[in-house]
Amino acid sequence: MNGSVHMDQELLKEVKKLRARVAKLEREREQALAHGQQELESLRQTQPLDNTFSVDERHAALEAVFDTIEDALVVYTPSGDIIRANRAFYRLLNIEQPLEYIQQPIEVRSQLIHMCDEHGEPMPEESWPVRRVLRGEVLANGDVADIIFMTMDGRQIHADVSGAPMLDSAGNITGAVLALHDVTLRKQQEQFHVEETRRMDEFLSIASHELRTPMTTINGNIQLAKRRVKGLSLPDGGPAGYEDKLTLILELLSRAERQVRIQNRLVGDLLDVSRIQANRLELNVVDCDLAEITREAVEDQRFAVPNRTILLHDVPADVALPIQADADRISQVVTNFLTNALKYSAADRVVEVQIELQGKFARVSVRDEGPGLSAQNQVHLWERFYRVPGIEIQSGSGMGLGLGLYICHTIIALHQGQIGVDSKVGEGSTFWFRLPLA
Ligand code: ADP
């Protein structure tokens, strides 16, 4: 007996609550309708001349716009119930029964979609975008909400939510409009990019180490062997043919040394290109002097290919060309110009290097008497893997992958400098670059 009285009271309470809720919904719907009417009224007044369309037609047009918009749009009552949503919204959440869905109270709806922040952490109710907007916040431009939620078929959606409260003429909040922009794909791509970059960094550090270490060892062994062989020569010249054999061995070792140098350079180029592609070419910028860098690079080449003539037109001794640069990288550019000039011109041709002060710039150019380049080829030279058809290596044992000039171009661009070539077919080429003085 007591039990059923208790039950009845419970039921009664529930019914009361429900009635109150229905009444509240009714009030809010009326408010929203009134608001809509007001909007229409003001539309009518601001466009008094436009009497081509009836109110109904305009209403239909607005409906059509609402449903055609790609972003999900939702209109809320002040308590967070959904008045209506557009097709994109139902599509985004994969909601098959729109009416059923929007009739659920906000707590149930947000449980269905597992509302989380951008890190995937569940969001407290006061942070939900709809709650923020219903408190009067505007979510727009730089200040959109970044949320992750679950669709009805269990997919995770990452969305930017913008929104604004609806206000009546007295400034009271009569509801909210939210727009959800699906950024899932972009976020996945960003994630992919982060992962890709991490793997690239890992590859670069392993590759640099694993490819270079053996060559350093080989080079070290060649040097050691050369010294030992030199130590084998006898005061009296030894038995017949003995000295010739030693000379031959030394010659073979020198050849191996050159090959290792070439391989080192090719591996270096490949690693540099990987770094450039991954935006990982880092400069170690210091105060240095372009004239000095160039002189050293010239000296190195004179030493490496003693049979070639490299003329240097230097600046006067009292002129400094201070630059802020990664000295090793700039030296790499000069060396690349030089090795190209040497390998693409005949062994009996000179190569000329000029260092100049040009106003606020320091300029280096390398001139050769090689085949020269057509205007069309000059454009493509700086591209990755591009090698001019028909231009053969004239001298030396160098080989090319078509990467050197691409790397030079990148290095000079990273230094805010300019790089270029002046050339005509049959008249040799002058490769140059210039850098702003510090
Ligand atoms: P590579 O390692 O093949 O020399 P580069 O990027 O340094 O690559 O040069 C690209 C191409 O430009 C070369 O393959 C060659 O065809 C052409 N080239 C470069 N320098 C010269 C030069 N001084 N004279 C003529 N052709 C050149």
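What this report covers is the structure whose coordinates are included nearby. (Residues numbered from 1 in each chain as written. Predicted model: local features only at pLDDT ≥ 70, side-chain atom pairs only at ≥ 80, totals over all residues. Heavy atoms only, no water.)

**Observations concerning unusual backbone geometry**
Short version of the rule: A run of H or I in DSSP counts as a helix once it spans at least four residues, and a run of E counts as a strand once it spans at least two, with each numbered from the N terminus. Residue exposure (1.4 Å probe, protein chains only): buried if accessible area is under 20% of the type maximum, exposed if over 50%, otherwise partly exposed.
Unusually for a residue other than glycine, Asn94 sits at a positive phi of about 55 degrees. Considering the arrangement of structural elements, one finds Asn94 in the loop between helix H3 (87-93) and helix H4 (98-102). A relative accessible area of 29% means that Asn94 is categorised as partly exposed.

**Concerning the site of the ligand**
Where we set the bar: Distances are taken per atom, and a residue is near a molecule or strand as soon as one of its heavy atoms is within 4 Å of it. Counted as a polar contact is a pair of N or O atoms within 3.5 Å, where, for protein atoms, one must be capable of donating a hydrogen and the other of accepting one, and residues adjacent in sequence contribute only when both atoms are in side chains. To be clear on the numbers: accessible area is Shrake-Rupley with a 1.4 Å probe, and residue cover counts the displayed protein chains and nothing else.
Taken together, 19 residues surround the ligand, and among them Asn340, Tyr344, Asp368, Arg387 and Leu405 come closest. Gly402 places a main-chain nitrogen or oxygen 3.0 Å from an oxygen atom of the ligand. Interatomic distance of 3.2 Å between a backbone N/O atom of Gly404 and an oxygen atom of the ligand. Considered on its own, the ligand offers 530 Å² of accessible surface; in the complex 99% of this is hidden by protein.

**Topic: the environment of Leu281**
Rules: Contact definition: two residues touch when any of their heavy atoms are within 4.5 Å.
Tracing the chain through its elements places Leu281 in the loop between helix H8 (242-277) and strand E7 (286-289). The spatial distance from the C-alpha of Leu281 to the C-alpha of Ile407 is 10.0 Å, given a sequence separation of 126 residues. Non-local contacts of Leu281, meaning those with residues more than four positions away in its chain, are made with Asp272, Arg275, Ile276, Arg329, Thr410, Ile411 and Leu414.

**With respect to a nonpolar patch on the surface**
Rules: Patch membership requires more than 30% relative accessible area and the absence of a salt bridge. Residues of like charge join within 9 Å; the nonpolar side chains Val, Leu, Ile, Met, Phe, Trp and Tyr join within 5 Å. Every case where a carboxyl oxygen of Asp or Glu lies within 4 Å of a side-chain nitrogen of Lys or Arg is listed as a salt bridge.
Nonpolar side chains collect at one region of the surface, where Leu270, Ile393, Met399 and Leu401 lie side by side and expose about 290 Å² of accessible area between them. By the secondary structure assignment, Leu401 is in the loop between helix H11 (375-380) and helix H12 (404-414).

**Some details on the pattern of salt bridges**
The full count for this structure, using the stated rule, is 19 salt bridges. The salt bridge involving Arg131 is made with Glu125; its shortest N-O contact spans 2.9 Å. The class for Arg131 is buried, based on a relative accessible area of 18%. Residue class for Glu125 comes out partly exposed when judged on its relative accessible area of 30%. Note that Asp272 is salt-bridged to Arg275, the shortest N-O span being 3.1 Å. One end of the pair, Asp272, and the other, Arg275, are both in helix H8, 3 residues apart, so they sit about a helical turn from each other.

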